[in-house]
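Secondary and tertiary structure notes
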Amino acid sequence: MQKQKIVIRNASGLHLRPTGILCNEAIKYKSTVKFQSGNTLTNAKSVLSVLGACIKSGDEVEFICEGPDEEEAMAAMIRIIESGLGE
């Protein structure tokens, strides 16, 4: 299991467009890809779940990847968040 915290820097947080980019990347991996914000654990492969988490700019989330390609999945999640999710 891989865990890593990161701060969301997008000015508008995780609204529909960046959420779609995040989910499309997460779906590429066999591992489970989730993130925790506060007490809420969210499936990063589900657009509705990510939107429902209401992640705002400046919020810290902890990604949790578990499975056969967890290291690659974690690296991809961190890279895509750091790149600004298309914004």
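Refer to the structure printed above.
Residues numbered from 1 in each chain as written. Predicted model: local features only at pLDDT ≥ 70, side-chain atom pairs only at ≥ 80, totals over all residues. Heavy atoms only, no water.

Now for the overall build of the protein. What the protein contains, in helices and strands, is three helices and four strands. Going from N to C terminus, the protein has its helices and strands arranged as β-α-β-β-α-β-α. Based on the C-alpha atoms only, the size of the protein along its principal axes is roughly 35 × 25 × 20 Å. A buried classification covers 44% of the 87 residues belonging to the protein. For the protein, the proportion of contacts with a sequence separation of at least 24, taken over those separated by at least 6, is 70%. (Helix = DSSP H or I, 4+ residues; strand = E, 2+ residues; numbered from the N terminus. Buried < 20%, exposed > 50% of the residue type's maximum accessible area, 1.4 Å probe, protein only. Contact = heavy atoms within 4.5 Å.)

Moving on to the pairing of strand β4 (residues 60-66). β4 sits mainly inside the fold: five of its seven residues count as buried. With six bridges joining them, strand β1 (residues 2-7) and β4 adopt antiparallel strand pairing. What sits directly across from Ile6, in β4, is Val61. Judged from the five bridges that link them, strand β2 (residues 32-37) and β4 form a sheet pairing that is antiparallel. Within β4, the residue paired with Gln36 across the bridge is Glu62. (Pairing = 2+ DSSP bridges.)

A few words on the environment of Met77. For Met77, the position within the fold is in helix α3 (residues 70-82). Residue classification places Met77 among the buried residues on the basis of a relative accessible area of 0%. For the pair Met77 and Leu51, spaced 26 residues apart in the sequence, the C-alpha separation amounts to 16 Å.

Looking at the secondary structure, you find Asp69 in the loop between β4 and α3. We note that Asp69 is buried and unpaired, the nearest opposite charge coming from Lys30 at a distance of 6.7 Å. For Asp69, the side chain forms a polar contact with the side chain of Ser31, separated by 2.5 Å. Contact partners of Asp69, with chain neighbours within four places excluded, come to Tyr29, Lys30 and Ser31. (Lys, Arg positive; Asp, Glu negative; His and termini not counted. Salt bridge = Lys/Arg side-chain N within 4 Å of Asp/Glu carboxyl O. Polar contact = N/O pair within 3.5 Å; in protein donor to acceptor, adjacent residues only side chain to side chain.)

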